[in-house]
Amino acid sequence: MISSDYHRVLILDYFNGTINAIAWCEEFLELDDWTVEYFDNYECFYFTSKTICSMFLLTHGGKYIPAPRGAIHG
């Protein structure tokens, strides 16, 4: 479950960004530190840490958007 305590990044370059972003997360982050959600041809990455989120944005771009209120299934 993903709560509003997470930091969320929307990938804007779907074609080039998603595969590389997932590989980066798998290589450098613990499994509990991130998740990805797919919807309407977009991907949102969720991170437990603002620092990790910032590193992801610097590496892969995207747009920071607040996580939804409440909880959703990831």
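One structure accompanies this document, and this report is about it. (Residues numbered from 1 in each chain as written. Predicted model: local features only at pLDDT ≥ 70, side-chain atom pairs only at ≥ 80, totals over all residues. Heavy atoms only, no water.)

### Observations concerning the packing of aromatic side chains
A ring pair, where both rings are aromatic, is described by two values, the distance of the centres and the angle of the planes. Inspection of every chain in the model, using the stated rule, returns six aromatic pairs. Aromatic side chains F47 and F56 sit 4.9 Å apart centroid to centroid with 45° between the ring planes, which places their arrangement in the tilted category. Side by side, F47 and F56 carry an identical accessibility label, which is buried. Three or more aromatic residues joined by ring pairs make a cluster, and in this case those are W24, F28, W34, F45, F47 and F56. (Phe/Tyr/Trp six-rings, centres within 6.5 Å; stacked < 30°, edge-to-face > 60°. Buried < 20%, exposed > 50% of the residue type's maximum accessible area, 1.4 Å probe, protein only.)

### Re the sheet that holds strand β5 (residues 63-66)
Spatially, the four strands line up as an open sheet ordered β3-β4-β2-β5, and their pairing is antiparallel. Two strands lie at the open edges of the sheet, namely β3 (34-39) and β5, each paired on one side alone. Strand after strand, the sheet turns through a mean of 30° between neighbouring axes, direction not considered. Where strand β2 (residues 7-10) meets β5, four bridges bridge the pair, whose relative direction is antiparallel. Within β5, the position partnered with H7 by the bridge is P66. In the packing of helix α2 (residues 50-60) onto the sheet, contacts are made with β2, β4 (42-47) and β5, and the angle to β2 comes to roughly 15°. (Pairing = 2+ DSSP bridges. Helix = DSSP H or I, 4+ residues; strand = E, 2+ residues; numbered from the N terminus. Axes fitted to C-alpha atoms, helices over the stretch in contact; angles between N-to-C directions. Contact = heavy atoms within 4.5 Å.)

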